[in-house]
Amino acid sequence: MTPDPLPDAESLYAELLRGVQTLLATSPEPVVLAGITSGGAWLGERLQRDLGLPGPAGVISSSMHRDDFAQRGLASSAQTVLPFDVNGAHVLLVDDVLHTGRTLRAVINELFDYGRPASVRLAVLVDRGGRELPIEANVCAARLTVPDGSSLELARDETSGRLSFVLENKEA
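What you see is a predicted model; the values in this text were computed from it and never measured.

Notes on the overall build of the protein chain
- Assigned secondary structure in the protein chain consists of four helices and seven strands.
- Going residue by residue from the N terminus, the α and β elements of the protein chain occur as α-β-α-β-α-β-α-β-β-β-β.
- In the protein chain, buried positions account for 44% of the 172 residues.
- Partitioning the intrachain contacts of the protein chain with sequence separation of at least 6 by distance along the chain shows that 67% fall at a separation of at least 24.

Now the structure itself:
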């Protein structure tokens with residue numbers, strides 16, 4: 001059986017952009033963006049630019065609050081940089097793939113280390129299901145089924161900045 005082809009990440013980004021624009025139209029202002037390392041950070045940076053929001057988007061890491069920290073240690077990905085005051089802010093977290101919700105739990109803990117936001121919302125490119133925690137995206141470009149033992153990863157071309165998906169077998 002041939003696996004389904006991977007979705008076009010650029011088309012899904014256009015859908016995500018439309019969904020975030022709709023969300024922002026009904027959100028209290030100002031809204032600040034924080035992308036979750038690494039794929040979410042790429043999306044946050046691009047949304048910040050495409051939405052014409054001032055300043056850079058924040059980058060937030062789950063590394064310090066993961067429940068599997070003892071096995072993983074510090075990830076080599078970027079660490080948290082929030083170029084805005086979290087206290088009282090309306091924060092839109094941006095991620096590439098939502099799966100169990102454990103990364104989001106760690107990210108929310110990290111966010112609260114920086115202050116107490118007025119609200120926190122979530123926008124994701126893909127929801128692959130399999131939730132272990134009660135976390136749901138406010139904006140989701142697509143819902144996909146990914147085979148057990150596989151990981152759907154967002155990739156970015158270093159030259160063009162184009163986004164694509166890679167399916168990795170985690171059981172190998």
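Observations regarding the environment of leucine 125
- Counting through the fold element by element, leucine 125 comes out in strand E4 (residues 119–127).
- Residue classification places leucine 125 among the buried positions, given a relative accessible area of 0%.
- For the pair leucine 125 and glutamate 15, spaced 110 residues apart in sequence, the C-alpha separation works out to 8.4 Å.
- For leucine 125, the contacting residues outside a window of four places in its chain are Leu12, Tyr13, Leu16, Leu43, Asp95, Asp96, Ala141, Ala142, Leu154 and Phe165.

Things to note about the pairing of strand E6 (residues 150–156)
- Pairing between E6 and strand E7 (residues 163–169): seven bridges, direction antiparallel. Residue pairing across strands places serine 150 opposite asparagine 169, the latter belonging to E7.
- What sits between E6 and E7 in their antiparallel hairpin is a turn of six residues, with glycine 161 showing a positive phi close to 80 degrees.

Criteria and cut-off values
Residues numbered from 1 in each chain as written. Predicted model: local features only at pLDDT ≥ 70, side-chain atom pairs only at ≥ 80, totals over all residues. Heavy atoms only, no water. Helix = DSSP H or I, 4+ residues; strand = E, 2+ residues; numbered from the N terminus. Buried < 20%, exposed > 50% of the residue type's maximum accessible area, 1.4 Å probe, protein only. Contact = heavy atoms within 4.5 Å. Pairing = 2+ DSSP bridges.

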